[in-house]
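The lines below spell out each chain.
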Amino acid sequence: MGSRRRVRGALVSRAVAFDVLRQVTAEGAYANLALSKRLATAQLPSRDAAFVTELVSGTCRLMGSYDLVIEAAAGRRLGTLQPAVVDVLRLGAHQILSMRIPPHAAVGATVDLAKKRIGARVSGLVNAVLRKIARRSLDEWLADAASGAYELTAAAIRGHHPVWVAEAFADVLPAGELEAALAADNVAPVPTLVVRPGLATVDELGGEPTAYSPFGATVAGAPGDVPAVREGRAGVQDEGSQLVALALSRAAAPAGPWLDVCAGPGGKAALLTGLAREAGTWLLANEVQEHRATLVRGALQAYPDAPVVVADGTRPAWRAGTFARVMADVPCTGLGALRRRPESRWRRSSADVEVLGGLQRGLLDSAIDSVAPGGVVAYATCSPHRAETRDIVASVMGARDDVELLDAPAHLPEVPDAADGDFVQLWPHRHRTDAMFLALIRRTR
């Protein structure tokens, strides 16, 4: 009876993982959000929920690598296979190549899943491909795929990244750091919490204080188990994002209100609101999308009367020159957060960089217009891509005569190896943060 229950539980867990992966690949869902929503209704035991989490997250993180393996094992292009079959094979490949599951068990369970979710007609194909995959290790499969390839292409294959992402990293990293940077993206981060200044202390968070930010701590358990998080006096925020906000708060600026021009989902807005109030002023949080503005309001719930507006940051709903400090953490490809958004590396393309460039320039230009003479703008992205970072800053500043670039690393002296000229560039392999970029710009008149 116990054995039968375990078999049924294994099938249910894999079915949940399959449903989530189909949402990610067919519907464009975010893996973490789809997984959280599905687990909330699946009522799985904690051990099974952990299995599903690893199966979905790991498969999404290494999806492109598994696609190479599947094509080699099947002897055909993925496009010739039914999309649902491809997802079943991806899940099976992850169990065989990257989880401590006996290959025969992983193959058998995945074939059963294919029969139940797709149909008996595909079981033979799934069985044959997975059995062939099980004959070799992931490293062996990828070594074959990388054989004869250009050095950077081979590094991308070994490091489980698209080639264009590896090229973007190599463009801004010193020689010899690329493989470490790619490897760091494949390690899931531990949850990082942040206090709302004036409302909670780091000691209340438990866990280990963050290495550089005075506001954060890493925790082993669920963030929702921390009372300060449940009460809105603390939240979840990567340390890199905390440091970007801290740098802006340290920049010398005239008295006056602060602005977060792209506030969603609200982490930086909440931290900056607390810091602004400690400085005797206030922050306006702006977000163009109503549903993200709702998230911002949730992040600011513990600060009475914290204002949130819904407006297009490129067409401001406020007068020019109103603010002393402006945070412009602009929409970007998110290449700096691939360790926490595992599917993004395979979903994005180099074309997205060009599409986003116009918006990024428009938002930075608007942010500078919004700041008073002597005030400071923080231009931030969660991407190290040159075309989203220094090139945007150079383009906007080159078209104006009322700005100067500040020494951003000087505002974070406690963070080693973060300086890239006058810019700050954080990295997961150096700082265990997202790869946040920061430029500080002063309006001179």
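As the structure is a prediction and not an experimental result, all values here were calculated from the model.

Novice: What exactly am I supposed to notice about the overall build of the chain here?
Specialist: Counting secondary structure elements, the chain contains 19 helices and 13 strands. Its C-alpha atoms give the chain a radius of gyration of 24 Å, near enough to 22 Å, the size a compact globule of 445 residues would have. Split into buried and exposed, the 445 residues of the chain put 55% on the buried side. Pairs at least 24 residues apart make up 72% of the contacts formed inside the chain by residues separated by at least 6 positions. In the structure as shown, the chain presents an accessible area of about 19,200 Å², 51% of it carried by carbon and sulfur atoms. Counting 49 positive and 47 negative side-chain charges, the chain places the centres of these two groups 10 Å from one another.

Novice: Which parts of the structure should I look at to understand the environment of L300?
Specialist: Summarising the element assignment, L300 is placed in the loop between α15 (290-299) and β7 (308-310). A relative accessible area of 4% means that L300 is categorised as buried. Distance from L300 to A285, taken between C-alpha atoms, is 9.4 Å for residues 15 residues apart in sequence. Look past the residues within four positions of L300 in its chain and what remains in contact with it is A269, A270, T273, A285, A306 and V308.

Novice: Teacher, can you tell me more about the pairing of strand β9 (residues 371-381) here?
Specialist: Two faces, one strand: in a regular strand the side chains alternate between the faces of the sheet. The buried count for β9 comes to nine of eleven residues, which makes it a mostly enclosed element. Looking at chain direction, strand β8 (residues 323-329) and β9 are connected through six bridges and run parallel. The residue bridging A328 from the neighbouring strand is Y379, located in β9.

Novice: What should I look at first to understand the nonpolar core in this one?
Specialist: The tendency in soluble globular proteins is for nonpolar side chains to be buried as a group. Among the nonpolar cores identified, the biggest contains 56 residues, and L205, A285, L300 and L438 are the most heavily contacted of them. Non-local contacts of L438, meaning those with residues more than four positions away in its chain, are made with V244, A247, A378, Y379, A408, F423 and V424. V16, V20, L21 and W141 belong to the second largest nonpolar core, which has 55 residues in total.

Novice: So what exactly am I meant to see when it comes to the pairing of β8 here?
Specialist: Of all seven residues in β8, seven are buried; the element is thus mostly enclosed. Relative to β8, strand β5 (residues 258-260) is paired through three bridges, and the arrangement is parallel. When the bridges of β8 are listed, W258 appears paired with R325.

Novice: Which parts of the structure should I look at to understand the sheet that holds strand β2 (residues 208-209)?
Specialist: Each strand in a sheet pairs with its neighbour through backbone hydrogen bonds, running either in the same direction (parallel) or in the opposite one (antiparallel). Read from one edge to the other, the open sheet built from four strands follows the order β2-β3-β1-β4, with strand pairing classed as antiparallel. Here the strands that pair on one side only, and so sit at the sheet edges, are β2 and β4 (234-236). Bridge analysis of β2 against strand β3 (residues 216-218) gives two bridges, and the strand direction is antiparallel. Bridge assignment links E208 to a residue of β3, and that residue is T218.

Novice: When you look at unusual backbone geometry in this model, what are you seeing that I'm missing?
Specialist: Peptide bonds are trans in most cases, and residues, glycine excluded, mostly fall at negative phi. Cis geometry is adopted by the peptide bond preceding P265, which originates at G264 and carries an omega value of 5 degrees. Residue placement: P265 occurs in the loop between β5 and α14 (267-278). At D417, a position not held by glycine, the phi torsion is positive, near 55 degrees. Position of D417 among the secondary structure elements: in the loop between β10 (403-405) and β11 (419-420). Backbone geometry places R432, a non-glycine residue, at a positive phi of 60 degrees. With respect to the helices and strands, R432 occurs in the loop between α19 (428-431) and β13 (437-443). On the basis of relative accessible area, R432 is assigned to the exposed category, the value being 74%.

Novice: Looking at this structure, how should I read the side chain of T192?
Specialist: Counting through the fold element by element, T192 comes out in strand β1 (residues 192-195). Discounting residues that sit within four places of it in the chain, T192 has contacts with T210, A217, T218, G235, V236, Q237, D238, E239 and Q242.

Novice: I'm lost on helix α9 (residues 151-158) in this one. Help?
Specialist: Along an α-helix, residues three or four positions apart point the same way, because every turn accommodates 3.6 residues. Residues L152, A154, A155, A156 and I157 constitute the buried set of α9. Structurally, α9 contributes buried residues whose contacts are with α4 (63-74), α8 (138-146), α10 (163-172) and α11 (178-184). Residue H160 follows α9 closely and has a positive phi angle near 60 degrees.

Novice: Would you mind going over the packing of helix α17 (residues 350-370) against helix α18 (residues 390-398) with me for this structure?
Specialist: Think of two packed helices as two axes; the pair is described by the angle between the axes and how far apart they sit. Packing of α17 against α18 leaves a shortest axis separation of 10 Å and a crossing angle of 50 degrees. Taken as axis vectors, α17 and α18 run oblique relative to one another. Crossing of α17 over α18 shows right-handed handedness. Of α18, the residues touching α17 (which contributes G357, Q360, R361, L364, D365 and I368) are I392, V393, S395 and V396. For the contact of α17 with α18, the class distribution of residues is five nonpolar, three polar and two charged.

Novice: Sorry, what's going on with the pattern of salt bridges here?
Specialist: Tallied over the full model, the rule gives 30 salt bridges. Taking the shortest distance from any N to any O, the salt bridge between R340 and D238 comes out at 2.9 Å. Taken together, the residues span a long stretch of sequence, with R340 in the loop between β8 and α16 (344-347) and D238 in the loop between β4 and α13 (239-250) at a distance of 102 residues. Its salt-bridge partner being D329, residue K268 comes within 2.3 Å of it at the nearest N-O pair. With a gap of 61 residues between them, K268 in helix α14 and D329 in strand β8 connect regions that are remote in the sequence.

Novice: What's the story with the side chain of D260 in this structure? I'm lost.
Specialist: Of note, D260 is situated in strand β5. Polar contacts involving the side chain of D260 include one to the main-chain amide nitrogen of A269, which spans 3.4 Å. If we skip the residues at most four places from it in the chain, D260 touches K268, A269, L283, L284, A285, N286 and M327.

Novice: Please clarify how the packing of aromatic side chains should be interpreted in this entry.
Specialist: What describes a pair of aromatic rings is the distance from one ring centre to the other and the angle between the planes of the rings. One pass over the full model with this rule turns up four aromatic pairs. Consider the rings of F169 and W427, whose centres lie 5.5 Å apart with planes at 80 degrees: the pair is edge-to-face. Here F169 is found in helix α10, whereas its partner W427 is found in the loop between β12 (423-425) and α19, with 258 residues between them in sequence. A relative accessible area of 1% places F169 in the buried class. Since its relative accessible area comes to 2%, W427 is described here as buried. Geometrically, the ring pair formed by Y379 and F437 is edge-to-face, given 6.4 Å between the ring centres and 75 degrees between the ring planes. Taken together, the residues span a long stretch of sequence, with Y379 in strand β9 and F437 in strand β13 at a distance of 58 residues. Assigned by exposure class, Y379 and F437 land together as buried. Clustering of aromatic rings is evident, with ring pairs tying together Y379, F423 and F437.

Rules of the game
Residues numbered from 1 in each chain as written. Predicted model: local features only at pLDDT ≥ 70, side-chain atom pairs only at ≥ 80, totals over all residues. Heavy atoms only, no water. Helix = DSSP H or I, 4+ residues; strand = E, 2+ residues; numbered from the N terminus. Rg over C-alpha atoms; globule rule 2.2 N^0.38 Å. Buried < 20%, exposed > 50% of the residue type's maximum accessible area, 1.4 Å probe, protein only. Contact = heavy atoms within 4.5 Å. Areas by Shrake-Rupley, 256 points an atom, 1.4 Å probe, with all protein chains shown as cover. Lys, Arg positive; Asp, Glu negative; His and termini not counted. Charge placed at Lys NZ, Arg CZ, Asp CG, Glu CD. Pairing = 2+ DSSP bridges. Core = buried A, V, L, I, M, F, W, Y, C linked by side-chain atoms within 4.5 Å. Axes fitted to C-alpha atoms, helices over the stretch in contact; angles between N-to-C directions. Parallel < 35°, antiparallel > 145°, perpendicular 65-115°, else oblique. Left-handed = near helix turned anticlockwise from the far one by under 90°. Nonpolar A, V, L, I, M, F, W, Y, C, P; charged D, E, K, R; others polar. Salt bridge = Lys/Arg side-chain N within 4 Å of Asp/Glu carboxyl O. Polar contact = N/O pair within 3.5 Å; in protein donor to acceptor, adjacent residues only side chain to side chain. Phe/Tyr/Trp six-rings, centres within 6.5 Å; stacked < 30°, edge-to-face > 60°.

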